[in-house]
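# Summary of the model geometry
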Amino acid sequence: MLCELYDEKITEGIHRQFNGGVFYFVKHGNYLHSKALVEYTKKGEAVSFLGRGQKFYEDTGNLDEYVSIYFMDMAKTFTERFPAPHLKKHFIREISSPLK
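This text gives an overview of the structure that appears in the document.

The rules behind each value
Residues numbered from 1 in each chain as written. Predicted model: local features only at pLDDT ≥ 70, side-chain atom pairs only at ≥ 80, totals over all residues. Heavy atoms only, no water. Helix = DSSP H or I, 4+ residues; strand = E, 2+ residues; numbered from the N terminus. Buried < 20%, exposed > 50% of the residue type's maximum accessible area, 1.4 Å probe, protein only. Contact = heavy atoms within 4.5 Å. Areas by Shrake-Rupley, 256 points an atom, 1.4 Å probe, with all protein chains shown as cover. Core = buried A, V, L, I, M, F, W, Y, C linked by side-chain atoms within 4.5 Å. Pairing = 2+ DSSP bridges. Salt bridge = Lys/Arg side-chain N within 4 Å of Asp/Glu carboxyl O. Phe/Tyr/Trp six-rings, centres within 6.5 Å; stacked < 30°, edge-to-face > 60°. Lys, Arg positive; Asp, Glu negative; His and termini not counted. Polar contact = N/O pair within 3.5 Å; in protein donor to acceptor, adjacent residues only side chain to side chain.

The next thing to look at is the overall build of the protein chain. Of regular secondary structure, the protein chain possesses four helices and six strands. Element order for the protein chain, N to C, with α for helix and β for strand: β-α-α-β-β-β-β-α-α-β. For the protein chain, the proportion of its 100 residues judged to be buried stands at 38%. Restricting to contacts in the protein chain with at least 6 residues of sequence separation, those with at least 24 account for 61%. Counting every atom, the protein chain has about 6,500 Å² of accessible surface; 55% of that belongs to carbon and sulfur.

Written as structure tokens, this is what we have:
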């Protein structure tokens, strides 16, 4: 498997497009997006993707982390909603899996 790392704009898009559990926090401030991770087959087909972020609560000083992971059919939808030219603009680096 091959994984690719993308910047925070892709994670923001994942949360908005797929209405993940963190969608409420995306809309209500103080939410920080982390980098997105997409896993591909050797043929270049998306298998899974992950969006992650943190919500800071000023009143308590707590920092909570939220993770949304999508598999299979949602990965196909990801490819449709995030075409290659768009991903290329936000690409950071490739991460190879040690398991082959």
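Before going further, it helps to spend a moment on the side chain of His90. Tracing the sequence through the fold places His90 in helix H4 (residues 84–90). Judged by relative accessible area, His90 falls into the buried class, the value being 14%.

To continue, consider the nonpolar core. In this structure, Ile10, Ile14, Phe49 and Phe78 are the most contacted members of the largest nonpolar core, which totals 14 residues. Mapped onto this core, the elements with two or more residues apiece are helix H1 (8–18), strand E3 (36–40), strand E4 (46–57) and helix H3 (73–81).

On any regular strand, side chains alternate: one points to one face of the sheet, the next to the other face. Strand direction decides the pairing type here: E4 and strand E5 (residues 62–71), joined by 10 bridges, are antiparallel. Across the sheet, residue Ser48 finds its bridge partner in E5, namely Phe71.

Another point: the pattern of salt bridges. What the rule picks out here adds up to three salt bridges. Two residues, Lys35 and Glu8, come together in a salt bridge whose shortest N-O distance is 2.8 Å. A residue pair is termed long-range when its members are at least 10 positions apart, and Lys35 in the loop between strand E2 (31–33) and E3 and Glu8 in helix H1 qualify at 27 residues. Looking at Lys35, the relative accessible area reads 35%, which means it is partly exposed. With relative accessibility at 32%, the residue Glu8 sits in the partly exposed group. Across the salt bridge formed by Glu12 and Lys9, the nearest N and O atoms sit 3.8 Å from each other. Highlighted residues: Glu12 and Lys9, both in helix H1, separated by three residues, approximately one helical turn.

This part is about the packing of aromatic side chains. This model, assessed by the stated rule, comprises four aromatic pairs. Three or more aromatic residues joined by ring pairs make a cluster, and in this case those are Phe49, Tyr70, Phe78 and Phe82.

Moving on, we get to the side chain of Asp7. Mapped onto the fold, Asp7 is located in the loop between strand E1 (2–6) and H1. Despite its burial, Asp7 remains without a salt bridge, the nearest opposite charge being carried by Lys9 at 7.7 Å. A polar atom in the side chain of Asp7 sits 3.0 Å from the backbone nitrogen of Lys9. When near neighbours in sequence (up to four residues on either side) are disregarded, Asp7 contacts Lys35, Ala36, His90 and Ile92.

In short, geometric facts, not functional conclusions.
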